[in-house]
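Reading the structure
Listed below, chain by chain, are the residues.
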Amino acid sequence: MGKAELQAIHVHPVKAFRGTAPRESLVEPWGLAGDRRWTVIDDGGKVVTQRQQPRLAKAAAELLPGGGLRLSAPGMPPLTVPVPRPDGTLAVQVFRDKVEAVLAEDDAAHAWCSTYLGADVRLVHMDDPATRRPVDPDYARPGETVSFADGYPLLLTSAASLDALNRLIAQGEHADEGPLPMNRFRPNVVVSGAPAWAEDDWSRIAIGEVVFRVAKMSGRCVVTTVDQATAERGREPLHSLGRHRRKDGKVVFGQNLVPLTGGTIRVGDPVTPLA
């Protein structure tokens, strides 16, 4: 392969909200520092994502020093939310997992999210990602944990693979929907300089000084069909992925990573396959 490097970093402080693109990020055992430590839950305690509420794509969350948030969204006044004290927890349903989390202390945070979504929701924080949620045991090693991310600490995608996918979309019956931007896939790290689909064959990589285990390909869902600027849904990329990119009965794009070492990654770092 050619010289691969880290093209972009993305941190999403609140699951399903728009994130930020820092030039560098600390890698913690459960993911990038501050990534998906917050989430919105419904009145039954289930996590709310763009699957149920596509307009979450237009809500933004900025991470503040200490782990608090600054929330903003169309038609809503900005709101600052501090990290709650871990005085007690409640059970949150994240897909198949039951996870303990802490409610935001200020009722204004719940009211802000509920008003924007037009539904009764609450904002919660994962106080202790080291113990709260293990990685899927089918693909995990003992002690590996994850935040409120879909299943794994980091998601890696490739710029060349997106270019290849967009060529497939251009040849299909929904060509008018392409080309798609990378934010449809909500990755944490984007690699450039590697051949299209090279990541399929990686099992261990280094990004700069940090080493990662490649756990499994990322199965994709309806969130990828949500335009992250307008919150409107289409047919792509699931239509083209379904025809050309399937593994174990799922459509796939990108790789799920688990950190093996700590450290800081930076845009421009070399990305080196180790196995």
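This text follows the structure it describes.
The present account deals with the structure reproduced in this document.

What counts, and at which threshold
- All residue numbers refer to position in the chain's written sequence, counted from 1.
- Given that the model is predicted, a residue must reach a pLDDT of at least 70 before its local features are reported, and side-chain atom pairs must reach 80 or more before they are shown or counted; all residues, however, enter totals for whole chains, interfaces and linings.
- Side-chain metrics rest on all non-hydrogen atoms present in the structure, leaving aside hydrogens and water.
- Helix and strand assignments come from DSSP, with helices taken as H or I runs of at least 4 residues and strands as E runs of at least 2, each series counted from the N terminus.
- For the radius of gyration, the atom set is restricted to C-alpha positions; the globular benchmark scales as 2.2 Å times the number of residues to the power 0.38.
- What makes two residues a contact is simply this: any of their non-hydrogen atoms within 4.5 Å.
- Only the protein chains shown count as cover for residues, and all accessible areas are computed by the Shrake-Rupley method using a 1.4 Å probe.
- In this count, Lys and Arg are taken as positive residues and Asp and Glu as negative ones, while His and the chain termini are left out.
- Note on charges: their place is set at NZ of Lys, CZ of Arg, CG of Asp or CD of Glu.
- Type-normalised accessible area, obtained with a 1.4 Å probe on protein chains alone, sets the label of each residue: buried when under 20%, exposed when over 50%, and partly exposed for intermediate values.
- By the criterion applied in these results, polar contacts are pairs of N or O atoms within 3.5 Å in which, for protein atoms, one can donate a hydrogen and the other can accept it, and in which residues neighboring in sequence qualify only through two side-chain atoms.
- Paired strands, as defined in this entry, are two strands with at least two bridges between them according to DSSP.
- As used in this record, nonpolar core signifies buried Ala, Val, Leu, Ile, Met, Phe, Trp, Tyr and Cys residues forming a set joined through side-chain atoms within 4.5 Å.
- Orientation is described by axes fitted as lines to C-alpha atoms, over the contacting stretch for helices, and by angles from 0 to 180 degrees between their N-to-C directions.
- The salt bridge definition used is simple: a Lys or Arg side-chain nitrogen within 4 Å of an Asp or Glu carboxyl oxygen.

**Focus: the overall build of the chain**
Broken down by element type, the chain carries three helices and 19 strands. Relative to a compact globule of 275 residues, whose C-alpha radius of gyration would be 19 Å, the chain shows 18 Å and is just as compact. Residue pairs at least 24 apart in sequence account for 69% of intrachain contacts in the chain once pairs closer than 6 positions are excluded. If you sum the accessible surface of the chain, you get close to 11,900 Å²; carbon and sulfur atoms cover 49% of it. Once the 33 positive and 33 negative side-chain charges of the chain are each reduced to a mean point, those two points are 3 Å apart.

**Observations concerning helix H1 (residues 107–117)**
Taken as a whole, H1 has its buried residues at Ala-109, His-110, Trp-112, Cys-113, Ser-114, Tyr-116 and Leu-117. Buried-residue contacts for H1 involve strand E4 (38–42), strand E7 (69–73), strand E8 (76–81), strand E10 (97–103) and strand E11 (121–125). The distance from a side-chain oxygen at the start of H1 to the backbone nitrogen of Ala-108 is 2.9 Å, and the residue carrying that oxygen is Asp-106. Where H1 ends, the next residue or the one after it, Gly-118, has phi of about 65°, a positive value.

**What about the sheet that holds strand E18 (residues 263–266)?**
Strand pairing in a sheet relies on backbone hydrogen bonds, with the paired strands running either antiparallel or parallel. Spatial ordering of the open sheet is given by E3-E2-E18, a layout of three strands whose pairing is antiparallel. The two strands at the open ends of the sheet, each matched to only one other strand, are strand E3 (31–32) and E18. By the bridge criterion, four bridges tie strand E2 (residues 24–28) to E18 in an arrangement that is antiparallel. Residue pairing in the sheet places Leu-26 in a bridge with Thr-264 of E18.

**Quick look at the nonpolar core**
The biggest cluster of nonpolar side chains holds 23 residues, and the ones touching the most others in it are Val-14, Phe-17, Val-40, Leu-71, Val-81, Trp-112 and Leu-123. If one sorts the elements of this core by residue count, H1 sits on top with five residues.

**A closer look at the sheet that holds E10**
Taken in spatial order, the five strands line up as E5-E4-E11-E10-E9 in an open sheet, and their pairing is antiparallel. What marks the edges here is a single partner per strand, and that holds for strand E5 (47–48) and strand E9 (90–94). Here E10 pairs with E11 via two bridges, running antiparallel. Bridge pairing links Leu-103 to Val-124 in E11. The sheet strands contacting H1 are E4, E10 and E11, and the helix crosses E11 at an angle near 130°.

**Details of the side chain of Arg-184**
Structurally, Arg-184 can be placed in the loop between helix H2 (159–170) and strand E13 (189–192). The charged side chain of Arg-184 is buried without a salt bridge, its nearest counter-charge being Asp-227 at 4.3 Å. Beyond its immediate chain neighbours, meaning those up to four positions away, Arg-184 contacts Val-223, Thr-224, Thr-225, Val-226, Asp-227, Gln-228, Glu-236 and Pro-237.

**With respect to the environment of Pro-84**
Position of Pro-84 relative to the elements: it lies in the loop between E8 and E9. Look at Pro-84 and you get buried, because its relative accessible area is 5%. The residues touching Pro-84, leaving out its near neighbours within four places in the chain, are Trp-38, Val-102, Leu-103, Ala-104, Glu-105 and His-125.

**Considerations on the pairing of E8**
Judged from the four bridges that link them, E7 and E8 form a sheet pairing that is antiparallel. What sits directly across from Leu-69, in E8, is Val-81. Here E7 hands over to E8 after two residues, with Gly-75 in that stretch at a positive phi of 80°.

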